[in-house]
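Each chain is listed here by its residues.
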Amino acid sequence: MPLTLEEKLKNLPTAPGVYLHKDEAGKIIYVGKAKNLRNRVRSYFQSGRGHDRKTRELVRRIFDLEFIVTDTEVEALVLESNLIKQHKPRYNVLLKDDKQYPHLKLTVSEPFPRVMITRRIQRDGALYFGPFLPASLARRTIDLINRTFQLRTCDIEIDGRLPRPCLEYHIKRCLGPCVKDLCRPEEYAEAVRDVRMFLEGKNRELAEEYERRMGKASDEMRFEMAAKYRDLRKTVLAVSEQQKMAVTQDLDVDIFGFHREGARLALQLFTMREGKIVGRREFFWEDLAEDDTFDAGSFLSDVLTQYYSTDYVPREIHVPVDFEDRELLEKALRVRKGRRVRILDPQRGPKAEMIELVEKNAKIAFEQRFRVLKPDMERVLEDLQEVLELPRFPARVESFDVSNISGSENVAAMVVCENGKMNRQEYRKFRIKTVEGSNDPASMREAVFRRYRRQLDEGNPLPDLVMIDGGKGQLSAAASAMRELDLEAIPMIGVVKPPRRHNEVSHLLRKGREDRPIYLDSHSTVLRLIQLIRDETHRTAVTYHRKRRELRDFTSELTAIPGVGEKRKNRLLRNLGSISKVSEATVEQLSPFVGRKTAGDIAEHFRRQRALAGVAEPGGGSDAGDAAVVTTPAGEPAGLHHPDDPTVMTDETIADEHIETRLVDPEGDAEDLQPIRSVDHEGSPRRRRKSTRKRGERSTNPHGVKREKLSGEEL
């Protein structure tokens, strides 16, 4: 028989260790460490301890506990951190980072390697360099590599069979291995070795290598190549000089500061390496204790324990407040680093001033995150570039969407976002011509192909990123169109919606990496930008689709007039300009295109519609003639009645009920115009059909479809 919670509390050891609180379902809700397990765990259940609200709620939910005994407090500290990361208990302070460290990835496993920014380190045979802090340092480094060493930035398969290189080759940012004889494999491999030395920090060795190559090329009278090596040497030496530090070379410090309001907190970490600030990280919490029981020392202890369980440990850590477990954490970090680590809470001097600066930045980050201030669009686009691992800054984003109803009036729309702002003058709409029925991938392919074929023919600018509103099917179809146009190097993503929640974004799919979806934080400014572009694309496509439907319904009304077919309809619209002008035209204006008799029928058709709607005739006058205003029994206007107009009967009052029959549709919604079913074709009220169903019997016609047959007398 298992022990109860009370029995476990009585038999707790006095040794150091880790304890795990569980709820009624057996789920771990809190992990803690203790120097003395018995004293620490029992303290939770002592009513006179004056616990805060969060602890009281935790105790109320505890139904079971487990504990693990360790030899030392340091072991307990490390084990606690590992268990928190593994189980993510609800009542522990969890270290939540918006993003991982950016690294540079050199794909040496590919025949023609390239360099890209990534936040995911995988065992794929590539070389990873970093982390780079701040992220802009990674972007500047990769830009320098592209300009200096000219490795390729595309993700297409390199086989040397392409007929011509892309723009990157012509602007001297790529060696052009995709085209035969532009770049020898040995030359490209040499550039890859140089990039590797550069990223490994071997700048001096690399400069000496360039000096040797420069001399050799000069001796062989290859002066252009010698000049190239000379420029490369200057660049490498300049970068090496910038990396020299002006202060103590061995001073590595992490500086923490935070800003808290209520249950929300923003934490900033400034990273100082070799005496120079090289990066910054941000962390946010939204579920902390809202009252005065918040313990900054305990909070920092939990954060530092989790953070340094996996990350680089510096020589010094500066925090705004001291905490109880400081010495214990210093011992644990010393074991990890192999040398002494100091945790300081400076009260005055330059170190205290630096903490104040970090806290100031934490407050700014708090404002931007929780007060939803207008974000810096350049920073948002830079984050978008990092998240999607784009080869260049996404200054121009073009987004596509299709719209139809069961395949009818199939259209597509494209919107343009330039530097974070929608450029409405660049919007384009497409009537899908080659696709029949509801086939969104095929429609997307046609729209994308037509768009960029025209851009190429006219020499217009191409986008830095193409967005497709859809999943794998639409993305694959659009990618095939780009492949046919030799534009495979342009990055493309699909924006996937969650089931039955079409206003949200589930995840993103990157072309070529559809098996690795990209999930964004719900508070991410990148996600908000993508949603804005996606929603604008959808709105434009739906608006255009509705206009096409309205035009279709309007023109189908015209062809419903006897004597007007497709040819006469097109002739009228081509010469008069619009259906509105056709409806207002006189018999004399219509006659040259359809003949006198048909012109009279058209004019009479639209005259009856205006009479039904109570609209004055064109020209400010009224041709109502002997028409009378008919009112309902309640005294409300029912419309105009022409005595000689058999299509409108609004003057019949039968059994105190006003009966109206319309043989025309004033709204233009119906192609086949039918009378209202309350009366028959002679204006007499129809007899109500008696139900043949017995009381309590289930209907065989649940949707109420009218299937009545008229008797011989009614016919």
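### Digging into the packing of aromatic side chains
Line of reasoning, step 1. All chains considered together, the criterion is met by 12 aromatic pairs.
Line of reasoning, step 2. Measuring from centroid to centroid gives 6.2 Å for Tyr30 and Tyr44, while their planes differ by 65°, and the two rings are edge-to-face. Placement of the pair is Tyr30 in strand β2 (residues 28–34) and Tyr44 in the loop between α2 (37–43) and α3 (53–61), with a sequence separation of 14 residues.
Line of reasoning, step 3. Every member of this aromatic cluster is reached through a ring pair, and the members are Phe256, Phe283, Tyr307 and Tyr308.

### Thoughts on the environment of Tyr307
Line of reasoning, step 1. Relative to the elements of secondary structure, Tyr307 occurs in helix α10 (residues 296–307).
Line of reasoning, step 2. Residue Tyr307 is classed as buried on the basis of its relative accessible area, which comes to 4%.

### A word on the sheet that holds strand β5 (residues 115–118)
Line of reasoning, step 1. Taken together, three strands build an open sheet; the order of strands is β5-β4-β6 and the sheet is antiparallel. Because the sheet does not close on itself, it has two edges, and the strands there are β5 and β6 (127–129). On average, each strand axis in the sheet is tilted by 30° relative to the strand beside it, whichever way the strands run.
Line of reasoning, step 2. With four bridges joining them, strand β4 (residues 103–106) and β5 adopt antiparallel strand pairing.

### Describing the pattern of salt bridges
Line of reasoning, step 1. A complete count under the given rule lists 38 salt bridges for this structure.
Line of reasoning, step 2. Arg61 is the partner of Glu57 in a salt bridge, and the nearest nitrogen-oxygen pair spans 2.9 Å. Here the residue Glu57 and the residue Arg61 both occupy positions in helix α3, the gap between them amounting to four residues, near one helical turn.
Line of reasoning, step 3. Given a relative accessible area of 26%, Glu57 falls into the partly exposed group.
Line of reasoning, step 4. When salt bridges that share partners are traced, they join Glu190, Asp194, Glu209, Arg212 and Arg213 into one network.

### Looking at unusual backbone geometry
Line of reasoning, step 1. Positive phi, normally seen in glycine, also occurs at Asp181, with a value near 75°.
Line of reasoning, step 2. Inspection of the secondary structure puts Asp181 in the loop between α6 (167–170) and α7 (185–199).
Line of reasoning, step 3. Positive phi values are uncommon outside glycine, yet Met221 reaches one of about 60°.
Line of reasoning, step 4. Its place among the elements puts Met221 in the loop between α8 (203–219) and α9 (223–242).

### Describing the packing of α7 against α8
Line of reasoning, step 1. Two elements in contact, α7 and α8, have axes separated by 8 Å at closest approach and are oriented at 150°. As the angle between them shows, α7 and α8 are arranged roughly antiparallel. In this structure, α7 crosses over α8, and the sense of that crossing is left-handed. Only Asn203, Glu205, Leu206, Tyr210 and Arg213 of α8 make contact with α7, whose side of the interface consists of Glu190, Asp194, Met197 and Phe198.
Line of reasoning, step 2. When its residues are assigned to classes, the contact of α7 with α8 shows four nonpolar, one polar and four charged.

### Remarks on the sheet that holds strand β1 (residues 17–22)
Line of reasoning, step 1. On the basis of which strands lie adjacent, the open sheet formed by three strands has the order β2-β1-β3 and antiparallel pairing. Edge positions in the sheet fall to β2 and β3 (64–69), since each has one partner strand and no second. With direction set aside, neighbouring strand axes in the sheet form an average angle of 20°.

The rules behind each value
- Residues numbered from 1 in each chain as written.
- Predicted model: local features only at pLDDT ≥ 70, side-chain atom pairs only at ≥ 80, totals over all residues.
- Heavy atoms only, no water.
- Phe/Tyr/Trp six-rings, centres within 6.5 Å; stacked < 30°, edge-to-face > 60°.
- Helix = DSSP H or I, 4+ residues; strand = E, 2+ residues; numbered from the N terminus.
- Buried < 20%, exposed > 50% of the residue type's maximum accessible area, 1.4 Å probe, protein only.
- Pairing = 2+ DSSP bridges.
- Axes fitted to C-alpha atoms, helices over the stretch in contact; angles between N-to-C directions.
- Salt bridge = Lys/Arg side-chain N within 4 Å of Asp/Glu carboxyl O.
- Parallel < 35°, antiparallel > 145°, perpendicular 65-115°, else oblique.
- Left-handed = near helix turned anticlockwise from the far one by under 90°.
- Contact = heavy atoms within 4.5 Å.
- Nonpolar A, V, L, I, M, F, W, Y, C, P; charged D, E, K, R; others polar.

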